[in-house]
Each structure stands twice: as C-alpha cells, then as structure tokens.
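Descriptive analysis of the structure
Letter by letter, the chains look like this.
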Amino acid sequence: MNGKFQQALSYFQSGNFAAAEIICDALLANDEKNADALHLLGLISANSGNRDRAEALFSAASSAQPGNPTLLLNLANIQSQLGKIVEASENFNRVLSINPNHAGACNGLANIQMVKGEFEAAELNFRRAIAIDPRHSAALYNLGNLLYDTRRYEEAVECFKSATILQPGLNSAYNNIGLVLVELGRHAEAIEYYRKAIRNDPSFADAYTHLGIALVAMRKCDEGVQAYQQALTIDPSSVDANWNLGLCLMLQGDLASGWNQLEWRWKHASFAKRIRP
C-alpha cells in the first residue's frame, strides 16, 4: 500500500478528514484512477453526510478497479441510502456474483427486498447472511424487524436479543424488544427493556414515549406522564409523546390540558387523511 495513502487512511481513522482529503487529492492529481484514493474520499463524503458525492466517488473507484467487491458493496449501500433501489440491487447482486458468501451483500439486498414488500425473499437473504456470518448483528436486527412486521413476535424477540448479545450498545434493539413484548401483552417485561435503552442513551426520546405507553397500560398514569414529559424535554415536537400525554391527562381527569395536547393528533399518521372539524 502506498505510503502516502497509508497516511491518509490513518488521518481518516483518527477523524481528521480534512488532512486525509488533501493527501487523496494529491494522489489523484498524479493518477486520476487511483481506486484507493477515490474510495477513501467516498468514505469521507459518506461520513460527512454528502451521499451524492459519495456515490459518484464509489462509482469512480469501482470503475477504476472492476470486480472489487468492497468497492461495489459501498456503492450499493450508498445507493440504497439514496433510495436508488434498482441500482443498489444490481450492485449487491454483482457482489454476490463475485463472492456468493458475502454476508453484507445478502443483508443489503434483503433490506431492499423488505422495502419492496418481498418478505419471503428478504427473510431468505437475512437468514443466508446469518448462516454465512452468525455474528452479523445487523442481519439479526433486520430479520427481527421483518419478523415483527409479519407478526412473528416470539421469533422477533429472539433475533433482537441475539443482536444485543453481539452488540450490547444497540439501543434500538432493546426498544424494539419492548415493542414486541407489548404486542404480546407482556408490559412489565417491556418496561425493563425500555429502561435499559434509556440507561444506555438518556437522549432516546422514543424509548421514553414507549415506556410511557407501557406504564399507562399497567395503570401507572403518573409515571406515564413523567415518561412522556421526559420525551418532550428531549424532542418537543414528538407527535406520539404529545398525543399520548394528552390521552393520559384526560384519563387523569385533567380535561383542559389533555384536550389541548390532543391537538397533536392531527399530525399523527393515523389522522393525516381525516377532515379536521
């Protein structure tokens, strides 16, 4: 590996994107088809939120070094994030044609299939990714989401739990376990998982909202109000927290405050197409 590029990579890994970019630009001035430099600039752009530029750079890197599965995978991933599911699917399949046992490509392709409503195909590819790499926490998590969406709640819980064993900081999985347990009527257990997500990330507004819902279901309205208020301290525009707080206040007999909060219902998806009086 080129010494200059190695220096750029070290800068990137330490978070000094500007220094890394300067070196990559110099490398490209000497060789405009330097795949390593193009790829690293793509990673910098992706990490900086510039997905369009990242796609262009990953595409250029892949053209400069055809058949490199890593370059194709990153191109497919960024295209998926941009909503370019046709192009992303083609590139995930290109990766799999090069390496049929590429867990990341199976997972990426399954995510697209899930978005398209192709649940059977998506499940097969998530399970294929896990079979290839049993420690692929993202595939386990995504399979959990699919199982939740298809109401296979017990299986979903097991997938989310497996994902958290591999990645203990995956707070969205703890939150999702709570959601599944609520569907199963196991509110007390759900509360423990919501609290775990909150302990790991005190700024997790949705977890506070879901905690409030579970508490109210157990007739703990005072604690539910506190959870909703904490969610709104973090995210004052949360429709779910505002709406559920209104319902809870009305249950407690505070009709004026509750009705005022219920005005938020008109921003909720379930009310979006209704005619407002």
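Anyway, here's the lowdown on the structure attached to this text. (Residues numbered from 1 in each chain as written. Predicted model: local features only at pLDDT ≥ 70, side-chain atom pairs only at ≥ 80, totals over all residues. Heavy atoms only, no water.)

The subject of this paragraph is the overall build of the chain. From N to C terminus, the chain includes 16 helices and zero strands. The principal-axis extents of the C-alpha atoms in the chain amount to approximately 75 × 40 × 40 Å. Across the 277 residues in the chain, those meeting the buried criterion constitute 45%. Considering only contacts within the chain whose residues lie at least 6 apart along the sequence, 40% involve residues at least 24 apart. Each charge class in the chain was averaged separately, 24 positive and 28 negative side chains, and the resulting centres sit 3 Å apart. (Helix = DSSP H or I, 4+ residues; strand = E, 2+ residues; numbered from the N terminus. Buried < 20%, exposed > 50% of the residue type's maximum accessible area, 1.4 Å probe, protein only. Contact = heavy atoms within 4.5 Å. Lys, Arg positive; Asp, Glu negative; His and termini not counted. Charge placed at Lys NZ, Arg CZ, Asp CG, Glu CD.)

For the rest of this paragraph, the subject is the packing of aromatic side chains. Evaluated as defined, the whole model comprises three aromatic pairs. Consider the rings of Phe-12 and Phe-17, whose centres lie 5.3 Å apart with planes at 20°: the pair is stacked. Take Phe-12: its relative accessible area is 15%, and that puts it in the buried class. For Phe-17, a relative accessible area of 23% translates into the label partly exposed. (Phe/Tyr/Trp six-rings, centres within 6.5 Å; stacked < 30°, edge-to-face > 60°.)

Formed by 58 residues in total, the largest nonpolar core has its most connected members in Phe-92, Phe-126, Phe-160 and Leu-211. Of the residues forming this core, the biggest block, seven residues, is contributed by helix α7 (residues 103-115). Once you skip the residues sitting within four places of it in the chain, Phe-126 turns out to touch Asn-107, Ala-110, Asn-111, Met-114, Ala-139, Asn-142, Leu-143 and Leu-146. If you look at the next biggest cluster of nonpolar residues, it comprises 18 residues, including Phe-5, Cys-24, Ala-37 and Leu-71. (Core = buried A, V, L, I, M, F, W, Y, C linked by side-chain atoms within 4.5 Å.)

Another aspect to go through is the pattern of salt bridges. When charged atoms on two side chains of opposite charge get close, those side chains can pair. By the definition in use, this model includes ten salt bridges. Note that Lys-116 and Glu-118 form a salt bridge whose closest N and O atoms lie 3.5 Å from each other. The exposure class of Lys-116 is partly exposed, given its relative accessible area of 47%. On the basis of relative accessibility, which here comes to 33%, the residue Glu-118 falls in the partly exposed class. In this structure, Glu-223 and Arg-195 form a salt bridge, with 3.7 Å as the shortest nitrogen-oxygen distance. (Salt bridge = Lys/Arg side-chain N within 4 Å of Asp/Glu carboxyl O.)

Locating Ser-162 in the fold gives a position in helix α10 (residues 153-166). On the basis of relative accessibility, which here comes to 30%, the residue Ser-162 falls in the partly exposed class. Between the alpha carbons of Ser-162 and His-136 there is a distance of 9.9 Å; along the sequence they are 26 residues apart.

Our next topic: helix α12 (residues 187-200). The α-helix winds at 3.6 residues per turn, so residues separated by three or four positions along the chain end up facing the same way. Helix length check: α12, at 14 residues, gives a terminal C-alpha distance of 20 Å against a target of 20 Å (1.5 Å per residue), a fit within 8%. Among the residues of α12, Ala-190, Ile-191, Tyr-194, Ala-197 and Ile-198 are the ones counted as buried. Angularly, the buried residues of α12 cover 125° about the axis, an arc narrow enough to put them on a single face. Those residues of α12 hidden inside the fold are in contact with α11 (171-183) and α13 (205-217). (Expected span 1.5 Å × (residues − 1). Arc of directions from axis to C-beta.)

It is worth spelling out helix α4 (residues 51-64) at this point. Between its first and last C-alpha atoms α4 spans 20 Å; for 14 residues at 1.5 Å apiece the expected length is 20 Å, and the two agree. Listed in full, the buried residues belonging to α4 are Ala-54, Glu-55, Leu-57, Phe-58, Ala-61 and Ser-62. For α4, the elements touching its buried residues are α3 (35-47) and α5 (69-81).

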